[in-house]
Amino acid sequence: MTTTVLSPRMTTWLKRVPIEDFKFLVRSILKSLFTIWLVTTLIFFVIRLMPGNPVDIFVQDLLLKGLTYEDAQTQAASMLGVRLDRPLHEQYIEFLGNLLQGDLGKSYISRNVPVAQMIVQRLPWSIFSIGTALLISFTLGILLGMIIAYKRNSWLDHLLTNLAAAMDALPSYLIAILLILLLSTVFKIVPVTMTRGAVSPGIQPGFTLEFFVDVLKHYALLAFVYVLSRTGSWILTMKSSTMSTLGEDYVTAARARGLPEGRIITAYVGRNASLPLVTRLALSIGFVVGGSVIIESIFVYPGIGLLLSQALYSRDYPVMQGVFLVTTIAVVLSNFVADLLYGWLDPRIRIAGEAQ
Amino acid sequence: MTTLRTFLTELGTTLKLLSRNRVAFLGLIVLVFLILLSYVGPLLWPAETRSNLAEIYQGPSLKHPLGTDFQGQDNLLQIIHGGRVILEIAFITGILTTLIAVTIGALSAFIGGAFDSVMTELINVWLTIPQFPLLAILATMLKVSDVWLLAVILALLDWPGLARQVRAQVLSLKKRDYIEAAITLDLGTPHIIFREILPNMMSYITISLIFATIGAIYQQTGLVFLGLVPLSGANWGVMLSLAYNRGAVYTSDAIMNVLSPVGAIALLQLSLVWLARGLEEVFNPRLRTSV
Amino acid sequence: MLPTLSVHNLTIEYAARRGAVQAVRNVTFDVHRGQVLSLIGESGSGKTTFGLGVMRLLPATARIRHGTLIYRRDEASEPVDVLKLDGRALREFRWKQVAMVFQSALNSFNPVLRISDQFADTARAHGYLQGNHLERRAAQLFELVRLDPERVWRAFPHELSGGMRQRVMIALALLLEPRLLILDEPTTALDVLTQRNIMDVLKALRRQLDFALLFISHDLSLAADIADRVATMYAGKIVEIGDVFTIFQSPRHPYTIGLIRAVPTLTGDRKDLTSIPGSPPDLIDLPTGCKFHPRCPLADARCRRDEPELEDLGNGHQVACWNSA
C-alpha cells in the first residue's frame, strides 16, 4: 500500500513497528515532556525561593545603585524575563510562556543580549568538541574492550585494564592540567596558544582549509584530554559485557555450527555485547550539551561549559538558568532517543515494551 | 558482642583475601598512608605562617622535597596539611550518601507499590539533571563555607544514583527463597531488611561507599577549583586553585606547586579505585582473573 | 559394518585450582550408522564433556589427555582423526559431519538474529544453498520436525517457545546432512507433553534419515524409548554397555541396576523402588579402586583396591565390575 512512496528498506522497517511500539513511543514522549516540565518548574521555584534568591539579590544590587524600587523591579524583570510585581504563580505562567517561545531572558552582565542567542552561539563548539571526542573514545573503547575480553590475562589485558581503571578514576580536569603541564610547559610539544580558545585570533571562520586546520590544532590537546578520561570507562564496560557474552550458549553453538570466527565476533558476540553500551552512548550525548564546565574553563574553549562558568563567576542568573535548562532538555531528549534505540536494536525489548 | 566478633573475623578474612590482590592491597596501603599523613602529619610538622619571598617557586631539594609555591612556602608541608578537610568531606559525604541511598533504595524495593513508583520516578527525573552544573549553581547561590553543609549538599545530590542500584539489588535478593520464607513467616519489615537483606549486601554497600567517596572528592575539588566554594585554609583543591590562578601551569618553575596537589588528589582517587576494584574481586569470585 | 564414530580410550581432564577434574576416563565404544546409542549418567558423570570433546568444543581449561576419536562418513570414506583436525578442516567437520544439539537449546540461538539469518549463516559457512533454495530446504526440515515454516522462518528466537526452539535446532542440525547427531539432554527443562512431542519427532527422523545418533541423557526411560544400545556412565567411565533389551532385562552392573530400579513404573510394586544411596564422587579426588564402591551393595576388598575394566559377556554386552550380578 505504501510501497511506492517509501523505499523498500523503510517499509521493512515500518513492518517491524507494530502497535505495541506505537504505544511505547507515545509513552516515551509523554514521559520526556513530563520530565522537562518538572525540571523547568523546579528550576523556576528553586531560584526564586532559595535563600539569597538571585531575583532579590539583583533587585538589592540595583537598589544600592540608587534606583527606585519600581525601577529596580522593572530592570530585574526585563533581565530575568518575568514581571516581579505579579504573584508567583502568574510569574510562573509567564515564565513558561516565554520558554515555549524560546525566550530565556536576557543576560545580566551583557546587557540586553538574549540568553538564547548566547547559548546558540556557544553550542556548536561544545557539541563539536565533546561529541567528536565521545565518538572516538566510544569506538576505541569498544574495539579495545572486545580485544582484551578475547585475550584475557594477556599482558595487554592487564595493562589496559589497569590503565583504563586509573584513567576512569582520575578527575578529567586533573588530566587536563597534567597534560597541559607536561606537553606545553615542560616538554614544549604543544604551543601555549593551542591550549586556549577554539581558533587563533585573526582567522576568519568559514569553509577554508586554514580555518579547519587552525580549529583542529586548538582542538587537539582538548580532544586528547577528553578521550583519555573517557575511554577507560568504555573499555571496562565493553570488556565485561563481552566476557559475559562469550560465556553464552549461543556463542558455543555458533562455533559448533562451524561459523567462521570473524562472523561470530561481529554478529554473535559484538552485537550482543555492545547493546548495553549503545544506550549509554545515547545517554552520554545528552551530557555533551552540558559541555564540561571545568575543562572548557581550563582551555578557555568557547562552549556552553565556559558560558556557564563565566555566568557563575559573574552571578549572571539568567544565563545560568538558561544553560541549565538547555542542558537538562538535551539529556531528557537523549534518554528518549536511548530508549527508542534500545528497543530497535534488541528485538526482545520490543515485545516487553520498556527498556530495562 | 557476637556481631562485633563476626565483623572482626570478616574483616580479617577480607584483608587476607585482599592481600592476594596486589593492586587492591597497594590501594589500601596508599590510602592508609594518606590518611595518616593528613591526620598525624600536621601534629608532627606544624604549618608555616609566614611567606618566604626569597624562596619562591623553587624546585625539589633536600630542604623542600616538593619545592615551594608562589609565596615561598614549602609544598610538602601544604600537602601534609591539605588532606584532612578533603578526606573529612569525602568520607562524611560518602557515608551520608550511602545511608540515604541504601535506606530509600531498600525500602522502595521492599515496600513496592505507590511509594516505589513515586521514588523511582523521582530518582529518574533527578538523574536526568546534569549533576555538576546543578552543584555549581547551588554552590554559587548558597556560598557554602561549612564542611558539614557542603557534605550534606553533595550527599543530597549523589544519593539517587546509588539508590537506583541498591533498589535493583534488593529487588533481585527479594526473589531469593530465604527472603520469601521470611516474608511468609511475617518476620516484620524492619527485621527482614536489617537482618536478612542488608547483611547479604554488606560487600556491595562497602564498595558503593568507596565509589560515593570517590565521587565526592571529584565534586568538592571541582567546586574548589572553580572558586565556587570559599573554603579557606589548607586544602589540596585550594592549593591547586591558587596555583592555577597564578598561571603556575604555564610557568616551568612553578610546576611543583601544581604537581604536588595534582599528585596528592590523583593518588587519593587511585588508591580508592584500586581498593574498590580489589574488593569487588574478593567479593565476587567470578571476576577473579586467575583460576 | 565400520562404525561412524569410533572412540578409543578417550580421557579428558579439566584444570581446576584444587587439582585436575577427571571428567572422562578411558571411554571406549562405537556408534554405527542408523543406530541410536544412549549415553546415560547422572549430572557430573562426564557425559556432556564427552559430547563437547567430540565436537572439539571444550573450554580452554580442558585437556584431552589421550585417546583417539575416529570418524567415518561411509564405508568407503577415509577415516578422519577428529582430534587432529584444526582450523578450516575443523570448521568444515563441525555440523557437516557431526552436529550437536546442546542441553535444552533454549539459549542456543543468537537473540538479535532471525532464525532465517542463523540458517543462512550456517549454510554460508559451509558453501551450502542460499536464498530461496535454502528457504525451501529449511521448510522441508521444519515439516520433518512438525513445525510450521511460516511461523518459524522469519521469527526471532524469543518469539518461539522452548519446545519450538528445540525443534528448530534439530532441523538446523540436519541441514547439512551430518552422519552423526549428538543430542545432549534434548528434553530436559521442557514440559512432559513437549518432551513426548520431541521424542516422537526424533523417532520418526531416525526411521526416515540414516544418521547415527548419540543420545545423552540422565533419563533412562527416554533411553528405553529410542535407543538401540545403551551405555551407562559413572565418574567419567563407561561401566556397562549393551543392546537396549539386554540392559533392561538383565543388567549386570550395580549402578545400572540401581538406575533401573529407581524409575517408578505404572505396574510396579511400591516396594521395588529404591534409590542409590550416597552421592556422586568428587572428580578431582576420586576414591581408589572401583569408583562406585562407596555406594555399591556388592563392594568388597578387591573393589576398593582395583578398578575393573569393561569385560565382554558376549552378544555385545560389556560390564566393568568384579562382582557383576
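Here, residues in each chain are numbered from 1, in the same order as that chain's written sequence. To label them, take the chains in the order written and letter them from A, then take the ligands in the order written and number them from 1. Side-chain atom pairs in this predicted model are given and counted only at pLDDT of 80 or more, local residue features only at pLDDT of at least 70, and totals for whole chains, interfaces and linings cover all residues.

Caption draft 1: Expanded view of the nonpolar core. The term nonpolar core means buried Ala, Val, Leu, Ile, Met, Phe, Trp, Tyr and Cys residues held together as one set by C-beta atoms within 7 Å. Residues with at least 20 other C-beta atoms within 10 Å of their own are called buried, those with 12 or fewer are called exposed, and the rest are partly exposed. The C-beta atoms themselves are positioned from the backbone. Formed by 247 residues in total, the largest nonpolar core has its most connected members in A:Ile177, B:Ala136 and B:Val258. We call two residues in contact if the C-beta atoms placed from their backbones are at most 7 Å apart. Not counting residues up to four positions away in its chain, the partners in contact with B:Val258 are A:Ile177, A:Leu181, B:Leu240, B:Ala243, B:Tyr244, B:Ala248 and B:Val249.

Caption draft 2: Summary view of the packing of helix 8 (residues 172-186) of chain A against helix 11 (residues 255-283) of chain B. As a rule, the C-alpha atoms of each element are fitted with a line to give its axis, helices using only the stretch in contact, and angles between N-to-C directions run from 0 to 180 degrees. For helices the rule is a DSSP run of H or I covering at least 4 residues; for strands it is a run of E covering at least 2, with both sets numbered from the N terminus onward. Closest axis-to-axis distance for the helix 8 of chain A/helix 11 of chain B pair is 10 Å, and the angle between their directions is 145°. The handedness of the crossing between helix 8 of chain A and helix 11 of chain B is left-handed. Contacts between helix 8 of chain A and helix 11 of chain B involve A:Leu174, A:Ile177, A:Leu178, A:Leu181, A:Thr185 and A:Val186 from the first element and B:Ile255, B:Val258, B:Val262, B:Ile265 and B:Ala266 from the second. When grouped by side-chain class, the residues that make up the contact of helix 8 of chain A with helix 11 of chain B number 10 nonpolar, one polar and no charged. Two helices cross in a left-handed way if the nearer one is turned anticlockwise from the farther one by less than a right angle. They cross in a right-handed way if the turn is clockwise. Under the scheme applied here, ten amino acids are nonpolar (Ala, Val, Leu, Ile, Met, Phe, Trp, Tyr, Cys and Pro), four are charged (Asp, Glu, Lys and Arg), and all others, including Gly, are polar.

Caption draft 3: Main features of helix 6 (residues 162-174) of chain C. Residues and elements named next belong to chain C. Multiply 1.5 Å by the residue count of a helix minus one, and that product is the helix's expected span. Between its first and last C-alpha atoms helix 6 spans 19 Å; for 13 residues at 1.5 Å apiece the expected length is 18 Å, and the two agree. For helix 6, a buried count of 11 out of 13 residues is recorded, marking the element as mostly surrounded by other parts of the structure. All of the buried residues in helix 6 are Gly163, Met164, Arg165, Gln166, Arg167, Val168, Met169, Ile170, Ala171, Leu172 and Ala173. Packed against the buried residues of helix 6 are strand 6 (98-101), helix 3 (115-125), helix 4 (131-144), helix 5 (149-152), strand 7 (180-184) and helix 7 (192-208).

Caption draft 4: Fine view of the interface of chain A and chain B. If you look at the interface, chain A gives 38 residues, while chain B gives 33 residues. Among the elements that make up the side of chain A that touches chain B, the one with the highest residue count is helix 8 of chain A (eight residues). Among the residues making up the side of chain A that touches chain B, the classes are represented as 26 nonpolar, 11 polar and one charged.

Caption draft 5: Local environment of helix 6 (residues 115-150) of chain A. Across its 36 residues, helix 6 of chain A extends 50 Å between first and last C-alpha, which sits within 8% of the 52 Å expected from 1.5 Å per residue. Across the chain, bend at a residue is computed as the angle between axes fitted to the seven residues ending at that point and the seven starting from it. Taken as a whole, helix 6 of chain A carries its principal kink of about 35° at A:Arg122; the proline A:Pro124 stands between one and four residues after it.

Caption draft 6: The sheet that holds strand 1 (residues 5-15) of chain C, seen in detail. Residue and element names in this part refer to chain C. Between any two strands, pairing holds if DSSP finds at least two bridges. On the basis of which strands lie adjacent, the open sheet formed by four strands has the order 2-1-4-5 and antiparallel pairing. Two strands in the sheet have a free side with no partner beyond their single neighbour: strand 2 (20-31) and strand 5 (80-81). Sheet analysis places strand 1 next to strand 4 (residues 62-71), joined by eight bridges and oriented antiparallel. Pairing of histidine 8 across the sheet is with threonine 68, part of strand 4. On top of the sheet, helix 1 (residues 47-55) reaches strand 1, strand 2 and strand 4; it is set at about 70° to strand 2, its chief contact.

Caption draft 7: Highlighting the environment of B:Asp74. Along the chain, B:Asp74 turns up in the loop between helix 3 (41-44) and helix 4 (75-111). Sequence-distant contacts of B:Asp74, defined by excluding residues within four places in its chain, comprise B:Glu48, B:His64 and B:Thr68.

Caption draft 8: Seen up close, the pairing of strand 4 of chain C. Strand direction decides the pairing type here: strand 4 of chain C and strand 5 of chain C, joined by two bridges, are antiparallel. When the bridges of strand 5 of chain C are listed, C:Tyr71 appears paired with C:Val80.

Caption draft 9: Structural context of the pairing of strand 8 (residues 212-217) of chain C. Residue and element names in this part refer to chain C. Burial of strand 8 is extensive: six of the six residues sit out of reach of the surface. A two-sided burial pattern is seen for strand 8, the buried positions comprising Ala212, Leu214 and Ile216 on one face and Leu213, Phe215 and Ser217 on the other. Note: strand 3 (residues 36-40) against strand 8, five bridges, orientation parallel. Its bridge partner lying in strand 8, valine 36 is registered against leucine 213. Relative to strand 8, strand 7 runs parallel, the two being bridged by five bridges. Each bridged residue has a counterpart across the sheet, and for aspartate 184 the counterpart in strand 8 is isoleucine 216. By the criterion used throughout, a crossover qualifies as right-handed when its path from the first strand across the helix to the second strand runs clockwise, the strands pointing away from the viewer. Once the chain exits strand 7 it traverses helix 7 before rejoining the sheet at strand 8, and the crossover so formed is right-handed.

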